[in-house]
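Tertiary structure, described
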Amino acid sequence: MAQFQKPAWLDNSLVRWVDHRLPIFTFMSHELYEYPTPRNLNYWWNFGSLAGIVLVIMIVTGITLAMHYTPHTALAFDSVERIMRDVNYGWLIRYVHMNGGSAFFIVVYIHIFRGMYFGSYKSPREILWILGVVILLLMMATAFMGYVLPWGQMSFWGATVITNLFSAIPLVGDWVVTLLWGGFAVDNPTLNRFFSLHYLMPFVLVGVIVLHIWALHAHGSNNPVGIDTKGEQDVIPFHPYYTVKDMFGLGVFLILFAGFIFFAPNFFGEPDNYIPANSLSTPAHIVPEWYFLPFYAILRAVPANFIGEWTTAWMGFILIEAKLAGVLAMFGSIAVLFVLPWLDRSPVRSSRFRPMYKWFFWIFLIDCLVLGYIGAKPAEGIFIIIGRVATAWYFLHFIVVIPLLAKFEKTKELPKSISEPVLGGGGGGATGASAKPMEKA
Amino acid sequence: MTMIRTVLFAGTLALSLNVSAAQAAGDAAHAPEQHWSFSGLFGTFDRAALRRGFEVYKGVCAGCHGLRLVAYRNLMDIGFSEKEVKAIAAEVDVPAEPNDEGEIEDRPGLPSDRFKSPFANVNAARAANNGALPPDLSLIVKARLGGVDYLHGVMTGYKPAPAGMKVPEGMHYNEFFGGHLIAMPAPLSDDGVDYKDGTKATAAQQAQDVVTFLAWAAEPELEERKRMGVKVILFLLLLTGLLYVTKRRIWADVH
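Residues numbered from 1 in each chain as written. Chains lettered and ligands numbered in written order. Predicted model: local features only at pLDDT ≥ 70, side-chain atom pairs only at ≥ 80, totals over all residues.

Re the overall build of chain B
Stated formally: Only runs of H or I of at least four residues qualify as helices and only runs of E of at least two qualify as strands under DSSP, and these elements are numbered from the N terminus. Field definition: a residue is buried when 20 or more other C-beta atoms are found within 10 Å of its C-beta, exposed when 12 or fewer are, and partly exposed for counts in between, with C-beta atoms placed from the backbone. For the purpose of contact definition, each residue receives a C-beta atom placed from its backbone, and two residues are in contact when these atoms lie within 7 Å.
A tally of helices and strands in chain B yields 7 helices and 4 strands. Counting helices and strands in the order they occur from the N terminus, chain B gives α-α-α-β-β-α-α-β-β-α-α. Counting over 255 residues, chain B shows a buried share of 28%. In chain B, 61% of the contacts between residues at least 6 apart in sequence involve partners at least 24 apart.

The structure is reproduced here in structure tokens:
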């Protein structure tokens, strides 16, 4: 049976000397060796620590890249190519960083959907969830600015489209855009400040993640059954059980990650970004990085013909209002996540005991994938209609479906404790066998 | 068990994404897939093809297209001797550092110089090409949807325009070029170059060779990358296997 014990090295005299003055070892012991974790966490719970590790990979490779990169419009593109060709293992560092951005979003999106499926946002973890949404927003800003730095065609035109969105803000819009640009167009001052902020924001991210983990450790992890832990029989210490499980998960992740880095390093990229930025030549299709596609689809869904003509639209006064609606929808799609804990008042956390919510969860997931698909397509014909329906469903899911389910859904009976289904269930490696065998557990 | 399913799920997802991206690329370019020595997990550049490809680039493309990110010294990575590289570099004149009088004179190129572009600037390039701008080829393989197959398609895709299509003066019909109208005249013709290794210089052979050369120019790290990738993944498979066993043993008392 699992033991909650302080580690033996806490008795080391040097450790004790330091710990008496700075109780960092007590802290480590408390948060790892004595930290109680539900015994039934499945592999979907690996993605939080995985996201943290990816962030570290990004910071390390990013700092190294910054040693060789030049944030100037005339030199940025070539400095990246210098990294690729002349810096020792520069291609490796850059491809890790480039694919790391995509990996970060994959891991974090899975982490978020896991939270939605198992109701991890519910009391008492609302602030934990809100901090998570803040992390997502910071990640998006960081990723967007990072994508601008190589100063390829997509960098430049992506920056132009996205910064122009802010001009839709009433009254101060133009002022905000000028501030973002550092001038009257996307140019060298823009690149300089994006580089500066791209270097800064990961550390802000680290700060918010510390708060995120702090909030997590206040009540501990949610779990696949979604009921609170009730004593020693329900929990095991984080170390060594979940450290080794996370390490194994990390290994699996790294295999896939290495597959992309070494054998398909440009899989997630756009060929156009290997063409140096040119303000006189607009690419045929301006598409954001894949992880923004669902939001891009929502942006375009509202006045669907707007982005197609954005070059003139941002100057045209009449289209501003339509544009504002699209921008509001896009930001609203993330803002709604902040209030999710209060939209979903169902007392049952886990989808395992919510037969209807479970279906709507999968529909919502598919809806997000459809939005991603639409975001990559030109805004024309059937794609406009699908994009609008999918956008409408995105908001209906949060604003109508979830509150109604909380009221009318007949949930299944919850087990009395975590250990009951675990210990009572008929052996095998699988956890939690009480209600129903899990699809993905 | 659940873990295996998860991994399979992720793997399948990655694969299906990959397939759809490849299909999308094929659709956009419509260029048929070719066999390339450097594709696949263990692919390496065919050295003889690289050498011939360089000859095609130098004899045919370099008149209009630069290769500004590649240095002459890089040719040593693909089998050219130092002596050959010095001779190739010395064929061009580049501006030297200011001399003692402060004047800038030309000097012969050195292996450390980057390939000299054929035109001084964009305007000069356009002026010499009927208003069209011949793109630099350093990254052309990475900068076009469809990559090597697309390039091969454009090299070999010159055909008489279909009946009813009007080809403006100075333009040419190309099956695989976007919009089908390309300013570049068909660059390759049978025996357009004399291969030093005696290979028959058919247009098809030249296309294959020059695209191989440009693939190397765009991704000079490709061979090292794939070699390292195989080692890294083998290592990670072993490590992950051991971690799995460790995990099972540590968790033995919980299940």
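Things to note about the domain arrangement of chain A
Residue and element names in this part refer to chain A. As a reminder, the rule being used: For the domain bounds, the source is a domain assignment made automatically or taken from a database. Lys, Arg, Asp and Glu make up the charged group, whereas Ala, Val, Leu, Ile, Met, Phe, Trp, Tyr, Cys and Pro make up the nonpolar group; the residues left over, Gly among them, are polar.
Structurally, chain A comprises domain 1 (37–225 + 237–269) and domain 2 (287–412). Taking only C-alpha atoms into account, the centre of domain 1 sits 22 Å from that of domain 2. Across the boundary between the two partners, domain 1 contributes 26 residues, which contact 22 residues of domain 2. The element that contributes the greatest number of residues to the side of domain 1 that touches domain 2 is helix H6 (residues 126–148), accounting for 7 residues. When its residues are assigned to classes, the side of domain 1 that touches domain 2 shows 18 nonpolar, 6 polar and 2 charged.

As for the domain arrangement of chain B
Residue and element names in this part refer to chain B. Domain annotation of chain B identifies domain 1 (29–70 + 114–220) and domain 2 (221–255). Here the C-alpha centre of domain 2 lies 41 Å away from the C-alpha centre of domain 1. Tallied by class, the residues present in the side of domain 1 that touches domain 2 amount to 5 nonpolar, 2 polar and 1 charged.

Some words on the nonpolar core
What counts here: Nonpolar cores are built from buried Ala, Val, Leu, Ile, Met, Phe, Trp, Tyr and Cys residues. These are joined into a set through C-beta atoms within 7 Å.
Membership of the largest hydrophobic core comes to 86 residues, with the highest contact counts inside it found for Ala51(A), Val54(A), Phe104(A), Val107(A), Ala297(A) and Ile298(A). A per-element tally of this core places helix H5 (residues 90–117) of chain A first, with 13 residues. Counting only domains with at least three residues in this core, you end up with domain 1 (37–225 + 237–269) and domain 2 (287–412) of chain A. Setting aside anything within four residues of it in sequence, one finds Ala297(A) in contact with Leu371(A), Ile374(A), Gly375(A), Gly387(A), Ala390(A) and Thr391(A). Counting 40 residues, the second largest nonpolar core, distinct from the first, contains Leu67(B), Leu137(B), Val210(B) and Leu214(B).

Looking at helix H4 (residues 76–85) of chain A
Since the α-helix packs 3.6 residues into each turn, any two residues three or four apart lie on the same face. Residues and elements named next belong to chain A. What counts is decided by this rule: The arc in question is the one traced by the directions running from the helix axis out to the C-beta atoms.
Turning to H4, its buried residues are Ala76, Phe77, Val80, Glu81, Ile83 and Met84. For H4, the arc enclosing every buried residue in end-on projection is 150 degrees, short of the 170-degree limit, so these residues lie on one face. Buried-residue contacts for H4 involve helix H3 (47–66), H5 and helix H9 (188–219).

A few points about the environment of Trp290(A)
Residues and elements named next belong to chain A. Residue placement: Trp290 occurs in the loop between helix H10 (238–263) and helix H11 (293–301). Overall, Trp290 belongs to the partly exposed group, with 19 C-beta atoms counted inside 10 Å. Taking the C-alpha atoms as reference points, Trp290 and Val208, separated by 82 residues in sequence, lie 25 Å from one another. Other than its neighbours up to four places away in sequence, Trp290 contacts Ser102 and Phe268.

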